[in-house]
Every structure is written in C-alpha cells, then in structure tokens.
Amino acid sequence: MGYQELDAHLVAPKRFVTLAHLHQVEQADYTALQEATGLSTPDLSKIVRDLEDRGLVLVSKERKNRYVNTMVRLSAEGQTQFKQLLRALNRVAGQ
C-alpha cells in the first residue's frame, strides 16, 4: 500500500473538494459549487472542464427565464472513481 494507489490528479485539493461536494448532492449549479468549494469562477470552470474531459462529471445547461444555469453532476464513472479514491485514501491512512 502506497502513494501509487492514489490518483494524484484527483487528490489535488481543488478537484478533490469539487468531487467531494458533487458526491454528496445529486447535482449542483456553479453558484452552489462556488459556495461549497470556495473556488473562483475561473478556477471552477477550469476544474469542471477538466473533470468533464475525463468523463467524471456531466454538465448540462438549463434555461431559467432569460438566464442559462449550468448544472454539474458526477457521472457513473465519476461516482466509481471517487469511491475508489476514498477507499484508497482510507487504506493509506490505515483505516
């Protein structure tokens, strides 16, 4: 058991807190994600785009009145990888 079990990309703090929040909710809009993670809009956009490119999150746009609301949720693959990451972290921590 060692650091090789951990996906360094997903353990990065900004990605980890984003995945952790999405793991706890069905979906979230950018405002909720920003409040939960403390990330700026540019940082959050970059993280979400990266996670989407990796197939870990699904992004959809909803129209509310005259505004477009961006919704983000974990994909099935994202759920699986996040759970595996949590198990690996617990193993490394000796739990």
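Residues numbered from 1 in each chain as written. Predicted model: local features only at pLDDT ≥ 70, side-chain atom pairs only at ≥ 80, totals over all residues. Heavy atoms only, no water.

**Thoughts on the pattern of salt bridges**
Here comes step 1: For the structure shown, the criterion picks out three salt bridges.
Here comes step 2: Taking the shortest distance from any N to any O, the salt bridge between aspartate 43 and lysine 14 comes out at 3.0 Å. Taken together, the positions of aspartate 43 in helix α4 (residues 41-53) and lysine 14 in helix α2 (residues 13-24) put the pair 29 residues apart, joining distant regions of the chain.
Here comes step 3: Aspartate 43 gets classed as partly exposed once you look at its relative accessible area, which sits at 27%.
Here comes step 4: Ionic contacts of the salt-bridge type, sharing partners, join the residues Arg15, Asp50 and Arg54 into one network. (Salt bridge = Lys/Arg side-chain N within 4 Å of Asp/Glu carboxyl O. Helix = DSSP H or I, 4+ residues; strand = E, 2+ residues; numbered from the N terminus. Buried < 20%, exposed > 50% of the residue type's maximum accessible area, 1.4 Å probe, protein only.)

**Some points on the nonpolar core**
Here comes step 1: Counting 18 residues, the largest nonpolar core has Leu22, Leu33, Val48, Leu51, Val57 and Val72 as its most contacted members.
Here comes step 2: Within the residue set of this core, elements represented by two or more residues are α2, α3 (30-37), α4, β3 (67-74) and α5 (76-92).
Here comes step 3: Setting aside residues no more than four positions away along its own chain, valine 57 makes contact with Leu22, Val48, Leu51, Glu52, Val72, Arg73, Leu74 and Ser75. (Core = buried A, V, L, I, M, F, W, Y, C linked by side-chain atoms within 4.5 Å. Contact = heavy atoms within 4.5 Å.)

**Observations regarding the sheet that holds β3**
Here comes step 1: Strand order in the open sheet formed by three strands is β1-β3-β2, and the pairing between neighbours is antiparallel. The open sheet has two edge strands with one neighbour each: β1 (28-29) and β2 (57-64).
Here comes step 2: Examined bridge by bridge, β2 and β3 share eight bridges and lie antiparallel to one another. Its bridge partner being in β3, serine 60 is matched across the sheet by methionine 71.
Here comes step 3: Here α4 sits on the sheet in contact with β2 and β3, set at roughly 125° to β2. (Pairing = 2+ DSSP bridges. Axes fitted to C-alpha atoms, helices over the stretch in contact; angles between N-to-C directions.)

**Considerations on α5**
Residues three or four positions apart in an α-helix share a direction because the helix packs 3.6 residues into each turn.
Here comes step 1: Look at α5: 25 Å from first C-alpha to last across 17 residues, which is about the 24 Å you get at 1.5 Å a residue.
Here comes step 2: Among all positions in α5, only Gly78, Phe82, Leu85 and Ala88 are buried. Taken around the axis of α5, the buried residues stretch over an arc of 125°, which confines them to a single face.
Here comes step 3: At the C-terminal side of α5, glycine 94 shows a positive phi close to 80°. (Expected span 1.5 Å × (residues − 1). Arc of directions from axis to C-beta.)

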